[in-house]
Structure formats: structure tokens, C-alpha cells
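Residue-level structural notes
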Amino acid sequence: MPRSRTLPGELDPSARQLVTRLRRLKDHSELTMRQLAVKTGYSAKSWERYLGGTSLPPREAVEALARITGTDPVPLLALHEIAADSRNSRRAKPAAQQQSEQREREQEQPADPATPHPRPPAAATAHTPPRATGPAPGRFPHIALTAGIAALAVALTAALLLMLRLDDEAGRAAVTTSPRTTAASPPPSYTCRITRVDGRWSAGINKGRNTEIVYGATGADVAEAQCLLRRAGISPGGIDGMFGPLTLRAVKAFQDRAGLTVDGMLGPRSWKALRG
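Residues numbered from 1 in each chain as written. Predicted model: local features only at pLDDT ≥ 70, side-chain atom pairs only at ≥ 80, totals over all residues. Heavy atoms only, no water.

Let's talk about the pattern of salt bridges
Note the following rule: Salt bridges are defined as contacts in which a side-chain nitrogen from Lys or Arg sits within 4 Å of a carboxyl oxygen from Asp or Glu. The helix count covers DSSP runs of H or I at least four residues long, the strand count covers runs of E at least two residues long, and both are numbered beginning at the N terminus. Each residue is placed in one exposure class: buried if its accessible area under a 1.4 Å probe, protein chains only, is under 20% of its type's maximum, exposed if it is over 50%, and partly exposed if it falls in between.
Summed over all chains, the structure comprises three salt bridges. Residues D221 and R209 are paired through a salt bridge, measuring 3.1 Å at the closest nitrogen-oxygen approach. You can see D221 sitting in helix α8 (residues 220–231) and its partner R209 sitting in the loop between β2 (200–202) and α8, a full 12 residues away along the chain. On the accessibility criterion, R209 (38% relative accessible area) is partly exposed. Of the charged contacts in the structure, one is a salt bridge between E224 and R275, with a shortest N-O distance of 3.1 Å. You can see E224 sitting in helix α8 and its partner R275 sitting in helix α10 (residues 268–275), a full 51 residues away along the chain.

Quick notes on the environment of R249
Tracing the backbone shows R249 in helix α9 (residues 245–258). Owing to a relative accessible area of 58%, R249 belongs among the exposed residues under this scheme. In the structure, R249 is positioned 12 residues away from G237 in sequence and 9.8 Å away in space, judged by C-alpha atoms.

Points about the state of the cysteines
The following threshold applies: We call a pair of cysteine sulfur atoms a disulfide whenever their separation is within 2.5 Å.
A full pass over the atoms with the stated rule returns one disulfide. Here C192 is linked by a disulfide to C227, with a sulfur-sulfur distance of 1.9 Å. Measuring the twist about the S-S bond at about -80°, one finds the C192-C227 disulfide to be left-handed. Of this pair, C192 sits in the loop between α7 (139–177) and β1 (195–197) while C227 sits in helix α8, placing them 35 residues apart in sequence. The class for C192 is partly exposed, based on a relative accessible area of 30%. Here C227 falls in the buried class, since its relative accessible area comes to 2%.

Laid out in C-alpha cells, this is it:
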């Protein structure tokens, strides 16, 4: 399986954690980008952007990946919401600062030089005290607005970091204290019971179905094929019901030996040859 590219350094912490978890689900399922696109409805190019960290995936894409991998979508959707809020706050902050600076420039703009100013009398000029220098009137509210925006950004960042920390601590606590963990829920176990039924070989797992299966499929049909491949003297790896690389290699070897089209797909002809 190709090694995942390094995520961008400027990626938000919550988005980085979300992408990392999505990558793990994709790698564990052994699905290619094309198969992922077929099962979720989002193109392979889109998934390359989502898993590369260059684009935040839609909420529906996160739910689709969780569904096809049998994963609880709630933690992933919580991370997605935090990442989306953080992205929106970063976009809103520069716009507000730019608007504030524009107002300051307009207030500090000098008067039109074409407008004549009346010259004060000489006596009044001589006794007029120098004008105190200081910030232009009306500037303090904009400074306060800028400071408020900065304080809001700091508060949002602190809240985000606190939520991430609580999420990590809750995950560790679930691993150490909760009996319902992934370790407590192993994948289904299949047992090969090779027999001849009506002159055909059967492993007794999928009730004799000849359903077409391809790379990336899971379930009883895959386990039935793995048992029959082992009976034929070709090892598919474990009898785990997952059509992974080892099972794909075993299917191609059997098709080549049986004189069939070597495409790695178990269709009607391959099933008929497997069942003898």
C-alpha cells in the first residue's frame, strides 16, 4: 500500500486529527481510491484532497467512510464540526481586520487641499497655545475592536485545544476502563466444513451462493471462497472474510491454473471451478 503523504504544516490541529483518523480507516479497510469513490459517491480526486489535508471533507463524506468501515461516526463528526468552526473563524478574522484598517485610513485622511482655510488674525495667532498631539478622534473604538477580535481568536483557540485534550483523555479512559472496546469486539470467526453437496464442494458458510465478489469485499461469501481456495491447495491467508491482497493473489493463481481469465474477480465461472 503506498505511503501516505505528509500533511501540510499549517493544517489546523483539529483538521489534522480528523484527517489522521480518516486515513487509518481507509488503510485498515484496504480500499483503493477508486473503490472508495464507488462506495461513497465522492470522486477519487476528492478523496486525495481530503486525505491529503488540502481540503476539509464534507460532513456527508465523513459519514459515508464511517458507514462502509463499520465505525461509529459521532467522534469523527465532532472533530469535523470543530475543524469547520476553526476554519470559518480564521476566514472571518482577516476580513474584520481589513475593514477596521479601512475605517482608520478614512478617518486619518487629510482635508481636501483645494479648500481654503481662513487665516486667523495675527494677535490671535500669537497667543494661541500649541495644539496637543495625540491619536485622531474616534481611533480608540477601532483599536478596541481589533483587540476584541484578537481576544476572541485566543479564546476560540484555547477552547479548541481544551476540547481536543478532553477527547484524547476520554479515548484513553475508554481503552482502560470500558469493556466495550474494539479489542472486545473481534471480527466474525469462520470455520471451514468442507463437504460434497449434490456433487459440488461447499464450506458450509454461505449456503452455496455464487455471489460475484471483488477485491475489497467482506463477509461470508469471501470466507466461503477462502475455504475452497485452501481446499484446492492455494493459501488465501487467514479465513477472515476479507478480500485482501493475499486472497486476491490466491484467486489469480487459481484462475491461472484452471485456465480461466485472470482478473482477480470471483464470478460464476470461477465459482463453478472452485466447487468442482
